Structures are given as structure tokens and as C-alpha cells.
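Examining the three-dimensional arrangement
Chain by chain, the residues:
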Amino acid sequence: MSKTRSTTILVVRRDGKTVIAGDGQVTLGSSVVKATAKKIRTLLDGKVVVGFAGSAADGLALMERLEEKLNKYRGNLLKAAVELAKEWRTDKFLRRLEAVLVAADKEKMFLISGNGDVIEPDEPVLAIGSGGDFARSAALALYRNTNLSAREIVQESMKIAGEICIYTNENVSIEEIS
């Protein structure tokens with residue numbers, strides 16, 4: 001079976017607002033098989049936003065695990081992310097999952113992987129997926145050189161990524177927390 005490629009997920013925080021976006025494209029080989037996939041969610045009654053790149057089933061399973069950890073650690077995103085990464089890396093079943101997560105609340109954002117990574121960026125801009133580098137580059141330029149809101153930065157950056165990356169479309173879902 002051909003390798004599935006998909007996803008651009010971008011999160012930006014500015015002026016007390018955290019905005020996450022995910023494109024809707026899923027590509028199998030050289031074909032777009034879905035244009036309206038939803039790869040982002042809010043967790044913990046809208047206090048945390050999360051998105052995944054990689055296998056949909058794996059990404060959704062990891063989102064559920066993150067939400068369990070958030071509930072267990074009373075909304076402490078750092079603690080939940082570290083505990084998920086530890087479990088993901090050591091658990092016989094979980095370590096086979098092929099996905100990467102980004103998770104953010106009003107104060108922090110992290111890239112979480114099955115390698116045990118819990119990475120907080122130096123600036124409040126983070127992206128993953130096939131078009132992640134395109135979206136992140138655009139977002140950093142806008143973040144550093146304009147006064148656009150987090151939502152405006154995310155919208156414009158996702159548009160740019162969709163114009164450059166063949167695995168990213170312009171059918172974007174956006175969630176915001178403040």
C-alpha cells in the first residue's frame with residue numbers, strides 16, 4: 001500500500017489567544033482521498049487545543065490518552081505531555097503508533113512524539129506535518145514582522161502552506177482559546 005501523507009497543523013499564541021489550525025487533506029500515493037479531514041480538537045472543556053499529523057487512528061488514540069492525562073493531572077499540560085511521552089515511548093502497543101501531536105493551552109505549547117520528545121518552541125509558533133515547515137516559516141515571519149492577531153497569522157500561514165505543499169489543502173479548520 002502507498003504511504004499516506006497528509007496534514008499541516010499550526011499553532012500560534014499572541015496577545016492571550018492561542019489558535020490552532022489543521023488542513024483537511026489526506027493523500028494516498030498520488031491521490032487525494034479526503035479533502036475535509038478534521039485533525040484538530042479542543043480538550044478539557046476548551047482549555048487545550050491539540051492536533052495530530054500521521055495516522056488518523058493513531059492520532060485520535062493519542063489525543064484520547066492526552067485528555068486522560070490532562071484530567072489526571074488537573075489540566076497541567078506540561079505534566080500530561082511528559083507522562084504521555086513516557087508512556088508512548090515505553091508501552092509495547094503505543095510505541096508502534098505513527099503520529100505526532102501538538103498541544104497548547106493559554107500559556108504553553110508542545111510538540112509530543114513517540115520518541116519521548118516534549119518540545120516547547122522558543123517562540124509561540126509550532127507546526128507539524130507535511131506542510132508544517134512551510135506554515136511555520138510563514139507564521140514566524142508574520143509573528144516577528146507584523147501586528148497581526150494569532151488567528152490572522154494562522155489563516156495566512158495555512159494559506160501559504162496550501163499554495164506550496166502538495167500534501168496540504170486550503171480547507172482549514174481553526175480552533176481558538178483565550
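Residues numbered from 1 in each chain as written. Predicted model: local features only at pLDDT ≥ 70, side-chain atom pairs only at ≥ 80, totals over all residues. Heavy atoms only, no water.

**Describing the packing of aromatic side chains**
The test is simple: Any two of the Phe, Tyr and Trp rings considered here, Trp counted by its six-membered ring, make a pair once their centres fall within 6.5 Å; the pair's planes then place it as stacked at under 30 degrees, edge-to-face at over 60, or tilted in between. A ring has a charge above it when a Lys NZ or an Arg CZ is no more than 6 Å from the ring centre and no more than 35 degrees off the ring normal.
Tallied over the entire structure, the rule returns zero aromatic pairs. Directly above the aromatic system of Tyr143 lies the positively charged group of Arg14, at a separation of 4.4 Å from the ring centroid.

**Thoughts on the pairing of strand 11 (residues 125-129)**
Definition in use: Accessibility here uses a 1.4 Å probe with only protein chains present; expressed as a share of the type maximum, an area under 20% marks a residue as buried, one over 50% as exposed, and anything in between as partly exposed. Only DSSP runs of H or I reaching four residues or more are called helices, and only runs of E reaching two or more are called strands; each is numbered from the N terminus. Strand pairing is assigned whenever DSSP detects at least two bridges linking the two strands.
Among the five residues in strand 11, four count as buried, and that is most of the element. Examined bridge by bridge, strand 2 (residues 8-14) and strand 11 share five bridges and lie antiparallel to one another. From the neighbouring strand, Leu10 faces strand 11, where its bridge partner is Ala127.

**Looking at the nonpolar core**
Put simply, the test is: We define a nonpolar core as any set of buried Ala, Val, Leu, Ile, Met, Phe, Trp, Tyr and Cys residues linked to one another through side-chain atoms lying within 4.5 Å. The contact rule is simple, with two residues in contact once any of their heavy atoms fall within 4.5 Å.
Core analysis: the biggest nonpolar cluster contains 22 residues, and Val50, Leu62, Leu66, Leu70, Leu101 and Ile112 have the highest contact counts within it. Residue assignment for this core shows that the elements contributing at least two residues are strand 7 (48-54), helix 1 (56-72), helix 2 (77-90), strand 8 (99-104) and strand 9 (109-112). The biggest single contributor to this core is helix 2, with six residues. Ignoring sequence-local partners within four residues, the contact set of Leu70 consists of Leu43, Leu44, Val48, Gly75, Asn76, Leu77 and Ala80. Residues Val19, Ala127, Ala135 and Ala150 belong to the second largest nonpolar core, which totals 15 residues.

**As for the sheet that holds strand 2**
Sheets are built from strands paired through backbone hydrogen bonds, the pairs being either parallel or antiparallel. Going by this rule: Every axis in this analysis is a line fitted to C-alpha atoms, fitted for helices over the stretch in contact. Angles between the N-to-C directions lie between 0 and 180 degrees.
A sheet is described by the order of its strands in space; here four strands give the open sequence 11-2-3-12, paired in antiparallel fashion. Here the strands that pair on one side only, and so sit at the sheet edges, are strand 11 and strand 12 (172-177). Between one strand axis and the next, the sheet turns through 10° on average, direction left out of account. The pairing of strand 3 (residues 17-23) with strand 12 spans six bridges and is antiparallel. Looking at strand 12, one finds that Asp23 is bridged to Val172. Contacting strand 2 and strand 11, helix 3 (residues 132-145) crosses the sheet at an angle of about 20° to strand 2.

**A word on the confidence of the model for the protein chain**
Worth spelling out the cut-off: For every residue, the pLDDT score states the predictor's confidence, bounded by 0 at the bottom and 100 at the top.
The pLDDT averaged across the protein chain works out to 92; a share of 97% of its residues lies at or above 70. Predicted confidence in the protein chain is weakest over strand 1 (residues 4-6), with a mean pLDDT of 57, and strongest over helix 3, with 98.

**Focus on the sheet that holds strand 7**
Strand order across the open sheet formed by five strands is 6-7-8-9-10, with antiparallel pairing between neighbours. Sheet topology places strand 6 (40-43) and strand 10 (118-119) at the edges, where each strand pairs with a single neighbour. In the sheet, strand 9 pairs with strand 10 via two bridges, with the strands oriented antiparallel. In the sheet register, Ile112 faces strand 10, and the bridge partner there is Val118. Strand contacts of helix 1: strand 6, strand 7 and strand 8, with the helix running at about 150° to strand 7, the strand carrying the most contacts. Most of the contacts of helix 2 go to strand 9, to which it runs at about 5°, and overall it touches strand 7, strand 8, strand 9 and strand 10.

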